[in-house]
Amino acid sequence: MTAPLVTILDDEPEIRLILTEALAEAGFRTQSFSRAREFEASLKRVTPDVCLVDLSLPDTDGLALVHRLALEQGATVIIISGRAQVQDRVTGLELGADDYITKPFDPAEVVARIRARLRDGQRGPVSGGGDTAEFNGWTAHFDRYALEDDTGAETPFSHAEGEVLRLFLESPKRLISRAQMQEALGGGAGDSFDRAMDVRISRLRTKLREDPKNPRLIKTIYGAGYIFLGDVSWR
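Residues numbered from 1 in each chain as written. Predicted model: local features only at pLDDT ≥ 70, side-chain atom pairs only at ≥ 80, totals over all residues. Heavy atoms only, no water.

Visitor: Any chance you could explain helix 2 (residues 36–43) here in plain terms?
Guide: An α-helical segment advances 3.6 residues per turn. Residues three or four places apart therefore align on the same side. Among all positions in helix 2, only Ala36, Phe39, Ser42 and Leu43 are buried. Buried residues of helix 2, seen end-on, are gathered within an arc of 125 degrees and therefore sit on one face of the element. (Buried < 20%, exposed > 50% of the residue type's maximum accessible area, 1.4 Å probe, protein only. Helix = DSSP H or I, 4+ residues; strand = E, 2+ residues; numbered from the N terminus. Arc of directions from axis to C-beta.)

In structure tokens:
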């Protein structure tokens, strides 16, 4: 079995070396880049399993790059940045990152976060393994990260939004608490995780054309969690 490929995009050579050595020791294949243009050129040749992306890049806006990766690539995107404010974390997650690690970091934690994200990506739907779910006039294509309406028009969703949507579609008409979401999706508990989930759910509601004052599909049960009210079939 081929080891997962992790790409590292950071302009600090010491950071690239630390991550490369830690990941190689843990059994991962790696590629490292100091410039976004080299990194994006590599994506035309090979699709990594995980992308580690610094936000402070000399040749591009790191957040814009994260957003493009979330929409166009199937890889897990983890931000590694010196920006430690809660708003920076929220913005990164809102734009599609799957996780956010602040510098300085423990390489062992990075390895653990990557492994956790790869396990998340291997979880199949309760239907038995399909990548397409149909519900209430919508079709969710998890193989290409797109929502299709009953006219055939498609709206892309990010990998991070897809994780939340899949969680709902795997457990329709069942209450999902914040604690269950944190356990299933990973990430640290607390205000930053709660805010990130609120943002992802709000974006999903917008893409599903929900009335924000009275959503039909993703209902908030105040003080308890969320419940998805659609009728779901997988194929």
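Visitor: Teacher, can you tell me more about the packing of aromatic side chains here?
Guide: To describe a pair of aromatic rings, you give the distance between the ring centres and the angle between the ring planes. Applying the stated criterion across every chain, the model contains seven aromatic pairs. Measuring from centroid to centroid gives 6.2 Å for Phe168 and Tyr226, while their planes differ by 70 degrees, and the two rings are edge-to-face. In this pair, Phe168 is assigned in helix 6 (residues 159–170) and Tyr226 in strand 12 (residues 225–228), connecting sequence segments 58 residues apart. Using a relative accessible area of 4% as the deciding quantity, one classes Tyr226 as buried. Here a set of aromatic residues connected by ring pairs shows up, and it is made of Phe135, Phe168, Tyr226 and Phe228. Of note, Arg166 hangs over the ring of Phe142, and the distance from its end group to the ring centre comes to 4.4 Å. (Phe/Tyr/Trp six-rings, centres within 6.5 Å; stacked < 30°, edge-to-face > 60°. Lys NZ or Arg CZ within 6 Å of the ring centre and 35° of its normal.)

Visitor: Got a minute to help me understand the sheet that holds strand 4 (residues 76–81) in this structure?
Guide: Hydrogen bonding along the main chain pairs the strands of a sheet, whether they run parallel or antiparallel. Strand order in the open sheet formed by five strands is 2-1-3-4-5, with parallel pairing between adjacent strands. Single-partner strands in this sheet number two, and they are strand 2 (29–33) and strand 5 (99–102). Within this sheet the neighbouring strands show an average axis-to-axis angle of 20 degrees, counted without direction. Sheet topology note: the strand 1 (residues 5–9)/strand 3 (residues 50–53) ladder contains four bridges and is parallel. Among the inter-strand pairings, Leu9 is bridged to a residue of strand 3, identified as Val53. With respect to the sheet, helix 2 is in contact with strand 1, strand 2 and strand 3, its orientation differing from that of strand 2 by roughly 140 degrees. (Pairing = 2+ DSSP bridges. Axes fitted to C-alpha atoms, helices over the stretch in contact; angles between N-to-C directions. Contact = heavy atoms within 4.5 Å.)

Visitor: It is not clear to me how the pattern of salt bridges should be interpreted in this structure. Could you clarify?
Guide: Note on pairing: side chains with opposite charge can pair once their charged atoms come close. For the coordinates displayed, the defined rule picks out 17 salt bridges. Notably, a salt bridge pairs Lys207 with Glu161, separated by 2.7 Å at the nearest N-O pair. Taken together, the residues Lys207 in helix 8 (residues 191–207) and Glu161 in helix 6 connect sequence positions 46 residues apart. Residues Lys207 and Glu161 agree in their burial class; the two are buried. (Salt bridge = Lys/Arg side-chain N within 4 Å of Asp/Glu carboxyl O.)

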